[in-house]
Amino acid sequence: MGLFDFDFLNDVRRMNKRQLYYQFLNFGMIVSSALMIWKGLMVMTGSESPIVVVLSGSMEPAFFRGDLLFLTNYQEEPIRVGEIVVFKIEGREIPIVHRVIKLHEKETGEVKFLTKGDNNQVDDRGLYAPGQLWLQRKDVVGRARGFVPYVGMVTILMNDYPKFKYLILACLGIFVLIHRE
Amino acid sequence: MNTFLSRVNTIFAFTLSVLAALTFGCFLTTVFNDNIAPVQIGTTKAAVKNVANFAASTREKNDLGQIAFDLHVDLAPLFNWNTKQLFLYMTAEYETANNKLNQVVLWDKIIKRGENSKLDFKSMNTKYYFFDDGNGLRGNKNVTLSLAWNVIPNAGTLPRVKGDGRYILKFPNEYRQ
């Protein structure tokens, strides 16, 4: 860590006020670009959460903990059996990624469906709210359209070890503020 | 490029970029596959009972279909370097007075890459209970049985493909006792 300190801090001491402001502005630009991309994705896919990390092993061997899923939620596309949907139970925060196994749709377009994880023995009725037997369109956060393995592990690590998350954020912050481009 | 840390930083960034490019390339090479294969389905038993729907935990009596089916399909051409597994599911699709569209998965199977992908089943029992949301199975002469599969890649899109071939099942007009 000794060599590390000297190189960087020399740079900082040489900066004048204007360059310091520039660094902060740079930082702000990066943060707002990231935010714009995220919100843009939300609008483009129609889903409030266009990228989710798989949190449990209930869809193994297709999806393991730490895999990344890309979701869309276009209202015109009807839900059909076999689709992998990400849904939230009313009153609960955690989204669940399971497959639709039963579906009943009325002429009015009103649809009710049942889901089950590939790796689970029973359907999800045990997971739904008490008294709830079916899911509705409004419970769906998105439908899985694309998949990348392993990439979401970083998010899981950051959730399980919050100190790790703060450490990473602090390092990134310092790096951006100090590094001269 | 003369401190240990900046070298590690560069190598790390380069590794990530190469991995990302390779993953994207992997996805591109298989995204236009149509993944269709011919399927033969038949049934050897089709009966209907009217019982309390224990699967939906109600006292209501719903129609319960009892089916044994034959299945013949060869899925070997669908497996390539970007196929992790195929999730097969057999669906019964029909219309009733209660609902315009009903879809019920009766049976499913996971075939991982490397496992036997030529299936030839005779008189298989369904895995899941075939309960209707109401009493629309008795006398229903137009229940379509079809096999579909969800292609799970190593990286890329998750298409659901219907097999080329279906079977129209006709339920009897009387309940079986």
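Every chain is numbered on its own, with residues counted from 1 as its sequence reads. Working convention: letters from A go to chains and numbers from 1 go to ligands, in the order in which they are written. Where totals are concerned, whole chains, interfaces and linings use all residues; where local detail is concerned, this predicted model gives features only for residues with pLDDT of at least 70, and gives and counts side-chain atom pairs only at 80 or more. Hydrogens are left out, water is left out, and the side-chain values use all remaining heavy atoms of the structure.

Asker: Report on the overall build of chain A, specifying residues and quantitative values.
Answerer: For chain A, the helix and strand inventory stands at four helices and seven strands. Along chain A, from the amino end to the carboxyl end, the secondary structure elements read α-α-β-β-β-β-β-β-β-α-α. Out of the 181 residues in chain A, the part that is buried amounts to 39%. The contact rule is simple, with two residues in contact once any of their heavy atoms fall within 4.5 Å. Restricting to contacts in chain A with at least 6 residues of sequence separation, those with at least 24 account for 57%. Total accessible area on chain A stands at roughly 11100 Å², and carbon and sulfur atoms take up 65% of it. To qualify as a helix, a DSSP run of H or I must reach at least 4 residues; to qualify as a strand, a run of E must reach at least 2; elements of each kind are numbered from the N terminus. The cut-offs for exposure are 20% and 50% of the maximum accessible area for each residue type, with area from a 1.4 Å probe on protein chains only; residues under the lower value are buried, those over the upper are exposed, and the others partly exposed. Values of accessible area rely on a 1.4 Å probe in the Shrake-Rupley scheme; residue burial ignores everything except the protein chains shown.

Asker: Describe the side chain of Thr 96 of chain B, listing the residues and the values that go with them.
Answerer: Mapped onto the fold, Thr 96 of chain B is located in the loop between strand E3 (83-94) and strand E4 (101-112). In this structure, Thr 96 of chain B is in contact with Asn 102, Asp 132, Gly 136 and Asn 140 of chain B, ignoring residues within four places of it in sequence.

Asker: Go over the nonpolar core with me, naming the residues and quoting the values.
Answerer: Ranked by internal contacts, the top residues of the largest apolar core, which has 32 residues, are Phe 130, Leu 147 and Trp 149 of chain B. Put simply, the parts of the chain that give this core at least two residues each are strand E1 (39-52), strand E2 (61-74), E3, E4, strand E5 (118-125), strand E7 (143-153) and strand E9 (160-169) of chain B. Each residue touching Phe 130 of chain B, except ones within four places of it in the same chain, is listed here: Asp 63, Leu 64, Gly 65, Ile 67, Ala 92, Tyr 94, Val 104, Leu 106, Leu 137, Val 143 and Phe 171 of chain B. By nonpolar core we mean a set of buried residues, namely Ala, Val, Leu, Ile, Met, Phe, Trp, Tyr and Cys, connected to one another through side-chain atoms within 4.5 Å. Leu 114, Trp 134, Leu 135 and Val 140 of chain A belong to the second-largest nonpolar core, a separate cluster that totals 23 residues.

Asker: Just give me the short version of the pairing of strand E4 (residues 96-105) of chain A, but keep the residues and values in it.
Answerer: Taking burial as the measure, the ten residues of E4 of chain A include ten buried ones, the bulk of the element. Taken together, the four bridges between strand E3 (residues 84-87) of chain A and E4 of chain A define a ladder with antiparallel strand orientation. Within E4 of chain A, the position partnered with Ile 84 of chain A by the bridge is Arg 99 of chain A. If DSSP finds at least two bridges between two strands, the strands pair. By the bridge criterion, six bridges tie E4 of chain A to strand E5 (residues 111-116) of chain A in an arrangement that is antiparallel. In the strand pairing of E5 of chain A, Val 100 of chain A is matched with Thr 115 of chain A. Counting the residues in the hairpin turn of E4 of chain A and E5 of chain A gives five residues, including Gly 109 of chain A, whose phi is positive at 100°. As defined by bridge partners, E4 of chain A adjoins E4 of chain B across four bridges and the pair is classed as antiparallel. Residue pairing across strands places His 104 of chain A opposite Asn 102 of chain B, the latter belonging to E4 of chain B.

Asker: Hey, could you go over the interface of chain A and chain B for me, with residue numbers and the actual values?
Answerer: At the interface, 35 residues of chain A touch 37 residues of chain B. Taken over both partners, the interface formed by chain A and chain B buries close to 2700 Å², and the fraction arising from carbon and sulfur atoms is 56%. Salt bridge, as applied in this entry: a Lys or Arg side-chain nitrogen positioned within 4 Å of an Asp or Glu carboxyl oxygen. For the interface between chain A and chain B, the tally reads two salt bridges. A salt bridge links Asp 133 of chain B to Lys 112 of chain A; its shortest N-O distance comes to 3.0 Å. In the analysis that follows, any N or O atom pair within 3.5 Å is treated as a polar contact, provided that within protein one partner can donate a hydrogen and the other can accept it, and provided that, for residues neighboring in sequence, both atoms belong to side chains. Run the count over chain A and chain B and you get 17 residue pairs in polar contact (both at pLDDT 80 or more). Using a 1.4 Å probe, buried area is obtained as the accessible area two parts lose upon being combined, added over both of them.

Asker: Mind laying out the environment of Pro 61 of chain A, listing which residues take part and the relevant values?
Answerer: With respect to the helices, strands and loops of the structure, Pro 61 of chain A is situated in the loop between strand E1 (51-53) and strand E2 (68-72). Discounting chain neighbours no more than four positions away, the residues touching Pro 61 of chain A are Lys 84, Gln 85, Ile 110 and Lys 112 of chain B.

Asker: Summarise the environment of Val 151 of chain A; cite the residues concerned and give the values.
Answerer: Residue and element names in this part refer to chain A. Tracing the backbone through its elements, the reader meets Val 151 in the loop between strand E7 (140-148) and helix H3 (153-160). Sequence-wise, Val 151 and Leu 68 are 83 residues apart; in three dimensions their C-alpha atoms are separated by 6.1 Å. Sequence-distant contacts of Val 151, that is, excluding residues within four places in its chain, are made with Gly 66 and Leu 68.

Asker: Please give an account of the packing of aromatic side chains that cites residues and values.
Answerer: Only Phe, Tyr and Trp rings take part, Trp by its six-membered ring, and two of them pair if their centres are within 6.5 Å. Stacked means planes under 30 degrees apart, edge-to-face means over 60, and tilted covers everything else. Using the criterion set out here, one finds eleven aromatic pairs over all chains in the structure. The interplanar angle of 90° and the centroid separation of 5.1 Å between the aromatic rings of Phe 54 of chain B and Tyr 129 of chain B together place this pair among those described as edge-to-face. Residue Phe 54 of chain B is found in the loop between E1 and E2, and its partner Tyr 129 of chain B is found in the loop between E5 and strand E6 (130-131); the two are separated by 75 residues along the sequence. What makes Tyr 129 of chain B partly exposed here is its relative accessible area of 48%. Seen in terms of ring centroids, Trp 107 of chain B and Phe 121 of chain B are 5.7 Å apart; in terms of plane orientation they differ by 75°. Their pairing is edge-to-face. Placement of Trp 107 of chain B in strand E4 and of Phe 121 of chain B in strand E5 is noted, with a sequence separation of 14 residues between them. Note on accessibility: Trp 107 of chain B and Phe 121 of chain B belong to one class, buried. Each residue in the set Phe 54, Tyr 129 and Phe 131 of chain B is aromatic and connected to the rest through ring pairs, giving one cluster. Here Arg 99 of chain A stacks its cationic end above the ring of Phe 87 of chain B, 3.7 Å away from the centre of that ring. Whether a charge sits over a ring comes down to the Lys NZ or Arg CZ being within 6 Å of the ring centre and within 35 degrees of the ring normal. Just above the ring of Tyr 175 of chain B sits the side chain of Arg 138 of chain B; from NZ or CZ to the centre is 4.8 Å.

Asker: Could you give me a rundown of helix H2 (residues 17-45) of chain A, with the residues and numbers involved?
Answerer: The first and last C-alpha atoms of H2 of chain A sit 42 Å apart over 29 residues, in line with the 42 Å expected at 1.5 Å per residue. Two residues or fewer after H2 of chain A comes Gly 46 of chain A, characterised by a positive phi angle close to 75°. By definition here, a helix of n residues has an expected span of 1.5 Å times n minus one.

Asker: Can you explain the confidence of the model for chain B? Please cite residues and give values.
Answerer: pLDDT runs from 0 to 100 and stands for how confident the predictor is about each residue. Per-residue confidence for chain B gives a mean pLDDT of 89, with 99% of residues at or over 70. Interface predicted TM-score (ipTM) for the complex: 0.87; the corresponding pTM is 0.83.

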